[in-house]
Amino acid sequence: MVDKVIMVTGASSGIGEATAKELAKAGHIVILCARRIERLDSLVKEIKANGGYARAYFLDVTSSENFKSVVNKTIEEFGHIDVLVNNAGLMPLSPLVAAKVSEWERMIDVNIKGVLYGIEALQPLMEERGRGHIINVASIAAHSVFPTAAVYCATKYAVWAISTGLRMESKNVRVTTVSPGVVESELANTTTDKETKQWLDDFRRVAITPDAIGRAILYAVEQPDDVNVNEVIVQATEAQY
């Protein structure tokens, strides 16, 4: 196995943090990206203390220019980026009738545009190099629609569709969609609608730990270049959806 340079967005907590740890433990160079830079700095120290190698960069995935800047800095140091894990996401749920337009717009900006900006920044470089891997974290919500989650589900279906289209279009870049079920994370904390919060607490009683998703991502990363893992759905054994 050759160590890879892997960029992970939304790496300051949850799935992103757990994925970074799994990848670093396996010997890969991890580029940690998120807005909460102080958390990333702590994670870098932890990874290095365990014998891994990591860098931390502030990244707002809703900024195309910020994305390109981080990519350029990483390439200046390491020469290339082998894998992009588009993980950053938000999940403020509410009924459509609540008309929380600003929350809809923020979800679209982060969950959809953030993925597209990552592809914009890295796909051309991967195509030029003749190899690369883009992993987009969608959700079980890309496959099932839940009350109060219409917009969130739409954004995650968009991630699934973008991933599938990109895989079909490129002969050089591997593309994987990872669709987690309910995972223990901060994702639900962005929901502001009171009734939805109560429903969400009940819905999330059966959950898996984020390292399960990290291991699934590691599995996809470590397949041979001629093998593409199109999609992985990972959820609790007890899940009823």
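It should be emphasised that the depicted structure is a prediction, and the values quoted were computed from it without experimental measurement. (Residues numbered from 1 in each chain as written. Predicted model: local features only at pLDDT ≥ 70, side-chain atom pairs only at ≥ 80, totals over all residues. Heavy atoms only, no water.)

*Asks:* Where do I start with helix α7 (residues 211-221) in this structure?
*Replies:* An α-helix turns once per 3.6 residues; consequently, residues spaced three or four apart project the same way. Along α7, 8 of the 11 residues are buried, which leaves the element largely enclosed by surrounding structure. Among the residues of α7, Ala212, Ile213, Gly214, Ala216, Ile217, Leu218, Ala220 and Val221 are the ones counted as buried. In this fold, the buried residues of α7 make contact with β1 (5-9), α1 (14-25), β4 (83-86), β5 (132-137), β6 (173-180) and β7 (231-234). (Buried < 20%, exposed > 50% of the residue type's maximum accessible area, 1.4 Å probe, protein only. Helix = DSSP H or I, 4+ residues; strand = E, 2+ residues; numbered from the N terminus. Contact = heavy atoms within 4.5 Å.)

*Asks:* What is the right way to look at the pattern of salt bridges in this model?
*Replies:* Side-chain pairs of opposite charge can arise whenever the charged atoms involved come near each other. Across all of its chains, the model carries 10 salt bridges by this definition. Here Lys68 and Glu65 are joined by a salt bridge, their closest N and O atoms 4.0 Å apart. One end of the pair, Lys68, and the other, Glu65, are both in helix α3 (residues 64-78), 3 residues apart, so they sit about a helical turn from each other. Classification of Lys68 as partly exposed rests on a relative accessible area of 27%. Looking at Glu65, the relative accessible area reads 55%, which means it is exposed. Bridged by salt links that share partners, the residues Glu17, Lys21 and Glu46 form one connected network. (Salt bridge = Lys/Arg side-chain N within 4 Å of Asp/Glu carboxyl O.)

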